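# A closer look at the structure
Spelled out from the first residue to the last, the chains are:
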Amino acid sequence: MFSGRLNLIDRPLSKGKSEVSLSAFSFLFSEMVQYSQTQVSNIGELERRLEDAGYSIGLRLLEMLCFRERNSKREIKLLDALKFVHSTVWKYLFGRQARDLEQSNAADDEYMISDSDLFVNKFISVPKDMGQLNCAAFVAGIVRGVLDSAGFPARVTAHFVPVPGQPRPKTTILMKFDASVLQRDSALPSG
């Protein structure tokens, strides 16, 4: 009946073109920020809305990346999941690996991913009354969605950290994990 062609369901998923024009993304992202700004009354609410938008993306992103990049394999150890976010997720989102992945000196349940050049903060002009707005809350939401979907619930926030000698601060994504994650991780065999 059909001339040897595979139907849509039997065809393998192609990777497709994974790049979006930076100008198109910047325009859509700035429109999302402007729309969200009209719906809120302060910076905290705006950052929460951006984080929620990123969270819904992160939930779906893990499924897609695991299927395409890792043959549906998921990490079960915390450090391996963080390395996956630091490298694979970051590379998919920003075209390169994140600059730093560090564990907090103050607490065992806190990890940080730092990057000095996130374009979600680069092309946004912030009004004077919202001077401390950090649009990387959107990226923090994506990271929280990926971690939640992978079974590593955490509170994820974005912060500016001044860098001496640099005109722009670096962005740090702070992840504070639930105690259950650390308990589960310590119960797993190492290696």
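Before any of the text, the structure's been laid out above.
To start, this report covers the structure provided alongside it. (Residues numbered from 1 in each chain as written. Predicted model: local features only at pLDDT ≥ 70, side-chain atom pairs only at ≥ 80, totals over all residues. Heavy atoms only, no water.)

## Brief notes about the overall build of the protein
Looking only at helices and strands, the protein features 6 helices and 4 strands. Starting at the N terminus and walking to the C terminus, you meet the elements of the protein as α-α-α-β-β-α-α-β-β-α. Counting contacts in the protein only where the partners sit at least 6 residues apart, residues at least 24 apart contribute 61% of the total. A total of about 11700 Å² of accessible surface is found on the protein, and carbon and sulfur atoms cover 53% of it. (Helix = DSSP H or I, 4+ residues; strand = E, 2+ residues; numbered from the N terminus. Contact = heavy atoms within 4.5 Å. Areas by Shrake-Rupley, 256 points an atom, 1.4 Å probe, with all protein chains shown as cover.)

## Some details on helix H3 (residues 78–94)
Helix length check: H3 (17 residues) gives 22 Å between terminal C-alpha atoms against 24 Å at 1.5 Å per residue, within 8%. Looking only at H3, the buried set comprises Leu78, Ala81, Leu82, Phe84, Val85, His86, Ser87, Thr88, Val89, Trp90 and Phe94. The positive-phi residue at the C-terminal boundary of H3 is Gly95, with phi of around 80 degrees. (Expected span 1.5 Å × (residues − 1). Buried < 20%, exposed > 50% of the residue type's maximum accessible area, 1.4 Å probe, protein only.)

## A short note on the packing of aromatic side chains
By the definition in use, this model includes 6 aromatic pairs. With a centroid separation of 5.1 Å and an interplanar angle of 50 degrees, the aromatic rings of Trp90 and Phe94 are classed as tilted. Of this pair, Trp90 and Phe94 are both found in helix H3, 4 residues apart, which corresponds to roughly one turn of the helix. The buried category is assigned to Phe94, whose relative accessible area is 15%. Both rings, one in Phe94 and one in Phe119, keep their centres 5.3 Å apart while their planes meet at 70 degrees; by these two values the pair is edge-to-face. On the criterion of sequence distance, the pair formed by Phe94 in helix H3 and Phe119 in helix H4 (residues 119–122) is long-range, its members being 25 residues apart. (Phe/Tyr/Trp six-rings, centres within 6.5 Å; stacked < 30°, edge-to-face > 60°.)

## Details of the sheet that holds strand S2 (residues 110–115)
Paired through their backbone hydrogen bonds, the strands of a sheet run either parallel or antiparallel. Reading across from one edge, S1-S2-S4-S3 is the order of the 4 strands in this open sheet, with antiparallel pairing throughout. The open sheet has two edge strands, strand S1 (100–103) and strand S3 (154–161), and neither has a second partner. Geometrically, the sheet is characterised by an average inter-axis angle of 20 degrees between neighbouring strands, direction not taken into account. Relative to strand S4 (residues 170–177), S3 runs antiparallel, the two sharing 8 bridges. Bridge pairing in S4 places Arg155 opposite Lys176. Along the sheet, H3 contacts S1, S2 and S4; its crossing angle with S2, the most-contacted strand, is approximately 15 degrees. (Pairing = 2+ DSSP bridges. Axes fitted to C-alpha atoms, helices over the stretch in contact; angles between N-to-C directions.)

## A closer look at helix H1 (residues 22–38)
In this model H1 runs 24 Å from its N-terminal to its C-terminal C-alpha over 17 residues, within 8% of the 24 Å that 1.5 Å per residue would give. Residues of H1 that are buried include every one of Ser26, Phe29, Ser30, Val33 and Ser36, and no others. The arc that holds every buried residue of H1, seen down its axis, measures 125 degrees, which confines them to one face. Residues Ser23, Phe27, Leu28, Tyr35 and Thr38 are exposed on H1 and point more than 90 degrees away from its buried face. (Arc of directions from axis to C-beta.)

No statement about biological role is implied by the geometric values presented.
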